[in-house]
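Breakdown of the fold
Take a look at the letters that make up each chain.
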Amino acid sequence: MQALRRYRAMRATRRLALTEEGLAGPFVNPIPDDPAEKAKLSSLGYRSVMEKLGEMFHTTPEVLIALNSPQTLLRPGTVVVFPNALPSSRDYDPKLPSEWRKTVSMLNVDAVQTQGSKVVVDKSEGVLGVFDKGDRLIAQFPATMGSEHDPLPIGSWKIQGVSYNPPFHYNPDLFWDAKEGERKALLPPGPNGPVGVVWIDLSKPHYGIHGTPAPETIGRAESHGCIRLSNWDAARLAMMVAPGVPAIFQD
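Residues numbered from 1 in each chain as written. Predicted model: local features only at pLDDT ≥ 70, side-chain atom pairs only at ≥ 80, totals over all residues. Heavy atoms only, no water.

With that out of the way, let us pick up the packing of aromatic side chains. Here the structure, examined in full by the defined rule, presents four aromatic pairs. Judged by centre distance (5.3 Å) and plane angle (25°), the ring pair of Tyr-170 and Phe-175 falls under stacked. A residue is classified by how much of its surface remains accessible, and Tyr-170, at 11% relative accessible area, is buried. An aromatic cluster is defined as three or more aromatic residues linked by ring pairs; in this entry it consists of Phe-168, Tyr-170 and Phe-175. The ring of Phe-131 has Lys-118 sitting right over it, with the charged end atom 5.1 Å from the ring centre. (Phe/Tyr/Trp six-rings, centres within 6.5 Å; stacked < 30°, edge-to-face > 60°. Buried < 20%, exposed > 50% of the residue type's maximum accessible area, 1.4 Å probe, protein only. Lys NZ or Arg CZ within 6 Å of the ring centre and 35° of its normal.)

Structural data, given as structure tokens:
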């Protein structure tokens, strides 16, 4: 009950001043559809300041626009209304790569996370749940999982490891909807890459839990069999699990 009272007491929004760091790029716009053209880019970063701010505060640009005046200027010092997504701590594990610490800080992912002992992906509910040693649900995330062409691989798997800010090895042989003539390509890392900011590898070959360049489609679109979360949820999950943790996929 105390936890519920604290939750109810939290403000839904906060007024915060924009900073140079929060507004900083580099931004990549447009991002080409062709994998070969994407491979030529130095990164697959955010397309705009608004897209970046949306992910920083776990929402969409449309919500930020609705919360603020259309005349709001995107410059350092401007006070803006944001969803209250700020973490309680940014004291991230110094053993983590420095670039990853920057990523989770930018995404306002709390440094304090309860460690999960089991991950359950429930197809009927459209969610990924994390459970502790006492089999208590400690986190739940909306997820996109599989499609008619690449159904969710029902069964028990294990988490093999985590790749932070990963590049993406595009192999058209693994995609039923690949266009004729496409070749293998190494796509640069970035939040707008096919797997977003993190890849959580599974014991089933070619399958993982990962972020997405389109958080607004979570639960509304299809995947190529993998489990897709928003970048901020995928980043949080990556801090809650370790190699060897079971990942159970169920109908």
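What follows continues from the structure just given.
With seven of its eight residues buried, helix α4 (residues 49-56) lies for the most part within the structure. Taken together, the buried positions of α4 are occupied by Val-49, Glu-51, Lys-52, Leu-53, Gly-54, Glu-55 and Met-56. Packing partners of the buried residues in α4 comprise α2 (20-23), α5 (61-67), β2 (79-83), α6 (98-106) and α7 (231-240). With its phi angle positive at about 60°, His-58 sits one or two positions after the end of α4. (Helix = DSSP H or I, 4+ residues; strand = E, 2+ residues; numbered from the N terminus. Contact = heavy atoms within 4.5 Å.)

Taken across its five residues, strand β3 (residues 118-122) has four buried, putting it largely inside the fold. The pairing of β3 with strand β4 (residues 127-131) spans five bridges and is classified as antiparallel. Each bridged residue has a counterpart across the sheet, and for Val-120 the counterpart in β4 is Gly-129. What sits between the antiparallel neighbours β3 and β4 is a turn of four residues, in which Gly-126 has the positive phi angle 70°. (Pairing = 2+ DSSP bridges.)

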